[in-house]
Amino acid sequence: MLIFSKAKGAVLLVFFAGLFTATGCTNTPPEEYNSRAANPNLLHQTSKQLTTVIIRDIFKPPVASRIYAYANLAAYEALRPAEAGHASLAGKIKEFAPVPAPEKGVEYCYPLASVKAFIAVSKALTFSVDMWDAYEVELDRKYEAMDIPEDVYDRSVAYGELVAKHVLDYAEKDNYKYTRGYRHVLTYSEGDWEPTPPTYAEACEPRWSAIRAFTLDSCTQFTPAPPAPYDITPGSDFRKMVDQVYDYGKNATPEQKAIAYFWDDNATVSNIKGHLSYLSKKMTPPGHWQAIVSTIARDQKLDMMQSLEAYTFSSIAMNEAFIACWEEKYRSNRVRPVTVINRLRGEGWEPYLETPPFPEYVSGHSAISAAAGTVLTHLLGENVAFTDSTEYEFGHGVRSFKSIEDAYIETSMSRVYGGIHYLDGALEGTKQGERVGEWVLTKLTGKPVENRPKEDVTKQIAGK
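This structure is a prediction, so every number in the text was calculated from the model and none was measured.

1. A look at the side chain of Asn 319
Relative to the assigned elements, Asn 319 resides in helix 11 (residues 304-332). On the accessibility criterion, Asn 319 (1% relative accessible area) is buried. With residues up to four places along the chain from it excluded, the contact list for Asn 319 reads Ser 65, Arg 66, Ala 69 and Phe 214.

Here's what the structure looks like:
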């Protein structure tokens, strides 16, 4: 006969309660732990972690855009089963098959699965795995405090990894690995691009237009107007633009210099002092715009799915803009201002910003900023004022904008102030980016995008 006292019974109850907790049998309702896990700040901080890793690994801007796009796509698809109002992007982007469906009749924590999918893709496409491992240790502590049942936790993580594998298999077939090792052949013809000081680096990603696009019919779909013909005769259209860049280099106002520096977004800035040479690593243009998404999402108090839609759609738009822009760069192969000005002036002229190592026309920063900005304007609103402090940590200051469009227009003109682009390169890059952004929205939403009434971009940029 088993006899036990009330005191012993209390001990046994405590023991069994601890046993149930240890095996994950909590009484926390699914809606409660899902609500905790759906905190959009967890997504924002994970997106920032990817940017931190990309900076450390020194990925070039086009490559960075590819990483952001695939990581966001995985997170979007892993969260989508919990969001009835958001359709899968399968069938909307090229060659992307539906992701595996979650198991029916069991519980998932999809916000957890989403972040884990983002991390799994990011980890596979970057080098600094140690940074991700350390980050996940701290992140997992936050999830453990949410009382997610152990079986739900494990199932959700496994689903996130399954979606990540699906996206990585898709990424494997985008021609990226086949574009490695290509070298741009210099023509040495007057007016054609050549390596620029101070490092005279070889051309960046000359075969990027061969990367499979998510939505574009072809890399030439949004070919811009032809650049002004190379002609250094005084009074020619090209010479006027050269002289404009030279004049900004000599007479730029403090505000124009501040704008140029704020939008520099050079992943590796060269520092050369005598025999000493080193690189300063900073944010890429795609990283800057993903940070802007985070800023506006926090300002507008967007939920996790709304934030993820903005991250995903804008990163895909930037990926497409890089493909279209890079096709034009290496087709027109136009010389940079620093090369022309030094030939004409013979006085060791240097632009305010370091010239990036690829042809001038069209401006890549202008194109990808306009593509992302067009998408975000349609998703978040035409008159979204915001203050951008995302690059304050790199010494680039803080700037405020009355709208997203105002920001990408300023981005475009910053390249002329900085001495690295002619006016038509900035102007036509912006136009190309806007067209790409509208196309991406149409493909991803399945709805025609109505052109927004706006002042002609030529006047906007030229008036800056």
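2. A few points about the packing of aromatic side chains
Counted according to the given criterion, the structure contains 22 aromatic pairs. Ring centres of Tyr 176 and Trp 208 lie 6.1 Å apart, and the angle between their planes is 80 degrees; on these two criteria the pair is classed as edge-to-face. Of the two residues, Tyr 176 is situated in the loop between helix 7 (150-171) and helix 8 (237-251) and Trp 208 in the loop between helix 7 and helix 8; the sequence distance between them amounts to 32 residues. Given a relative accessible area of 0%, Trp 208 falls into the buried group. Taking the centre distance of 6.1 Å and the plane angle of 20 degrees together, the rings of Trp 263 and Trp 289 count as stacked. You can see Trp 263 sitting in the loop between helix 9 (254-262) and strand 1 (268-273) and its partner Trp 289 sitting in helix 10 (residues 285-300), a full 26 residues away along the chain. Judged on exposure class, the residue Trp 263 and its partner Trp 289 are both buried. Cation over ring: Arg 155 sits above Tyr 108, and NZ or CZ is 5.9 Å from the ring centre. The ring of Tyr 176 carries Arg 180 above its face, with NZ or CZ at 4.0 Å from the centroid.

3. Considering the packing of helix 3 (residues 40-57) against helix 4 (residues 61-79)
Contact pair helix 3 / helix 4: the axes reach a minimum separation of 11 Å and the direction vectors enclose 150 degrees. As far as their axial angle goes, helix 4 and helix 3 are roughly antiparallel. Helix 3 and helix 4 meet at a crossing whose hand is right-handed. Across the interface between the two elements, Leu 50, Thr 51 and Ile 54 of helix 3 pack against Ala 64, Ile 67, Tyr 68 and Ala 71 of helix 4. Each residue belonging to the contact of helix 3 with helix 4 can be placed in one class, and the counts come to six nonpolar, one polar and no charged.

4. Section: helix 9
Within the sequence span of helix 9, burial applies to Gln 256, Ile 259, Ala 260 and Phe 262. Relative to the axis of helix 9, the buried residues are bounded by an arc of 170 degrees and lie together on one face. Among the structural elements, helix 8, helix 10, strand 3 (386-388), strand 4 (399-401) and helix 14 (404-417) are those in contact with the buried residues of helix 9.

5. Section: unusual backbone geometry
Going from Pro 197 to Pro 198, the amide bond is cis rather than trans, its omega being 10 degrees. With respect to the element layout, Pro 198 can be found in the loop between helix 7 and helix 8. The peptide bond linking Tyr 361 to Val 362 adopts the cis configuration, its omega dihedral lying at 0 degrees. Tracing the backbone shows Val 362 in the loop between helix 12 (337-345) and helix 13 (364-380). Notably, Glu 205 is not glycine yet its phi reads approximately 45 degrees, a positive angle. Within the secondary structure, Glu 205 is located in the loop between helix 7 and helix 8. Taking the relative accessible area as the measure of exposure, Glu 205 reaches 6% and is therefore buried.

About the cut-offs
Residues numbered from 1 in each chain as written. Predicted model: local features only at pLDDT ≥ 70, side-chain atom pairs only at ≥ 80, totals over all residues. Heavy atoms only, no water. Helix = DSSP H or I, 4+ residues; strand = E, 2+ residues; numbered from the N terminus. Buried < 20%, exposed > 50% of the residue type's maximum accessible area, 1.4 Å probe, protein only. Contact = heavy atoms within 4.5 Å. Phe/Tyr/Trp six-rings, centres within 6.5 Å; stacked < 30°, edge-to-face > 60°. Lys NZ or Arg CZ within 6 Å of the ring centre and 35° of its normal. Axes fitted to C-alpha atoms, helices over the stretch in contact; angles between N-to-C directions. Parallel < 35°, antiparallel > 145°, perpendicular 65-115°, else oblique. Left-handed = near helix turned anticlockwise from the far one by under 90°. Nonpolar A, V, L, I, M, F, W, Y, C, P; charged D, E, K, R; others polar. Arc of directions from axis to C-beta.

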